[in-house]
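Descriptive structure summary
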Amino acid sequence: MRFISFIAIIALTLLASACSSGPPAPPPTPTNGPSIGQLASAGQAVFANRCARCHGANGQGVTAPPVIGASANLGKYNTAQGLYAFISTVMPLDAPGALSQAEYQQLLCLLLVQNNFATANTPFDQTKLGNIPLK
């Protein structure tokens with residue numbers, strides 16, 4: 001008799017938990033890694049070390065065009081993907097493509113944030129750069 005009571009208790013417990021649990025919870029959303037703002041912060045050091053001598057400490061332009069501010073003509077690249085393609089293959093002029101992918105991403109994010117093309121809290125997603133217009 002004790003065994004049957006034990007089985008009945010287990011069955012009722014399982015039935016109660018199945019009825020009260022509701023629909024299954026959705027799987028957790030994977031994180032997309034760092035935000036654009038976090039990468040932009042890291043990009044400040046890269047910019048200072050690799051870009052500022054030509055583009056100026058504030059991106060205002062010295063011997064190269066301005067890349068930050070009202071005079072920056074980044075709209076010609078249409079999207080963040082176009083800008084990334086340019087800087088990662090052509091810059092720096094004296095050593096094109098010499099930076100790591102992470103450094104190019106950091107520089108891109110710095111330019112996006114400084115020129116108000118993206119907000120700092122936006123998750124960075126390399127596959128969605130074509131969705132960020134430079135206008």
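Read on for a plain summary of the structure.

**Topic: the layout of surface pockets**
By volume, the largest pocket amounts to about 500 Å³. If you trace the largest pocket, you find 27 residues lining it, with H55, A64, V67, F86 and M91 closest to the centre. Of all the secondary structure elements, the ones that give two or more residues to the lining of the largest pocket are α2 (36–50), α3 (52–55), α4 (80–90) and α5 (101–114). Along the lines of polarity and charge, the residues of the lining of the largest pocket split into 19 nonpolar, 4 polar and 4 charged.

**Focus on the nonpolar core**
With 32 residues, the main nonpolar core has L74, L83, L108 and L112 as its most contacted residues. Of all elements in the fold, only α2, α4 and α5 reach the threshold of two or more residues within this core. Considering every element that reaches this core, the biggest residue donor is α5, with 8 residues. Here L112 is in contact with A80, F117, A118, I132 and L134, once residues within four sequence places are set aside.

**Considerations on the pattern of salt bridges**
If you walk through the whole model with that rule in mind, you get 1 salt bridge. Residues R53 and D94 are paired through a salt bridge, measuring 2.6 Å at the closest nitrogen-oxygen approach. With R53 in helix α3 and D94 in the loop between α4 and α5, this pair connects stretches of sequence that are 41 residues apart. Taking relative accessible area as the criterion, D94 reaches 53% and is therefore assigned exposed.

**Looking at the packing of α2 against α5**
Two numbers describe how α2 lies on α5: the axes approach to 7 Å, and their chain directions differ by 105°. As the angle between them shows, α2 and α5 are arranged roughly perpendicular. Along the contact surface, α2 presents I36, L39, A40, A42, G43, Q44, V46 and F47, while α5 presents E103, Q106, L107, C109, L110 and V113. Tallied by class, residues from the contact of α2 with α5 come to 10 nonpolar, 3 polar and 1 charged.

**Quick look at the side chain of H55**
Along the polypeptide, H55 turns up in helix α3. At a separation of 2.7 Å, a polar atom in the side chain of H55 contacts the main-chain carbonyl oxygen of P65. When near neighbours in sequence (up to four residues on either side) are disregarded, H55 contacts F47, Q60, G61, V62, A64, P65, V67 and M91.

**Observations regarding the environment of S41**
Within the secondary structure, S41 sits in helix α2. For the pair S41 and C109, spaced 68 residues apart in sequence, the C-alpha separation works out to 8.5 Å.

**Thoughts on the environment of P92**
Looking at where P92 falls in the secondary structure, it is placed in the loop between α4 and α5. Separated by 38 residues in the primary sequence, P92 and C54 have C-alpha atoms spaced 9.3 Å apart. Other than its neighbours up to four places away in sequence, P92 contacts R50, L99 and Y104.

**Focus on the side chain of S88**
Assignment of secondary structure puts S88 in helix α4. Of note is the side chain of S88, whose polar atom sits 2.7 Å from the backbone oxygen of Y84. The residues touching S88, leaving out its near neighbours within four places in the chain, are G97 and Y104.

So, how was this worked out
- Residues numbered from 1 in each chain as written.
- Predicted model: local features only at pLDDT ≥ 70, side-chain atom pairs only at ≥ 80, totals over all residues.
- Heavy atoms only, no water.
- 1 Å grid on protein atoms, 1.4 Å probe; cavity = no way out; pocket = protein on both sides within 12 Å on 5 of 7 lines; lining within 4 Å.
- Points joined across faces, edges and corners; volume = space filled by probe spheres on them.
- Helix = DSSP H or I, 4+ residues; strand = E, 2+ residues; numbered from the N terminus.
- Nonpolar A, V, L, I, M, F, W, Y, C, P; charged D, E, K, R; others polar.
- Core = buried A, V, L, I, M, F, W, Y, C linked by side-chain atoms within 4.5 Å.
- Buried < 20%, exposed > 50% of the residue type's maximum accessible area, 1.4 Å probe, protein only.
- Contact = heavy atoms within 4.5 Å.
- Salt bridge = Lys/Arg side-chain N within 4 Å of Asp/Glu carboxyl O.
- Axes fitted to C-alpha atoms, helices over the stretch in contact; angles between N-to-C directions.
- Parallel < 35°, antiparallel > 145°, perpendicular 65-115°, else oblique.
- Polar contact = N/O pair within 3.5 Å; in protein donor to acceptor, adjacent residues only side chain to side chain.

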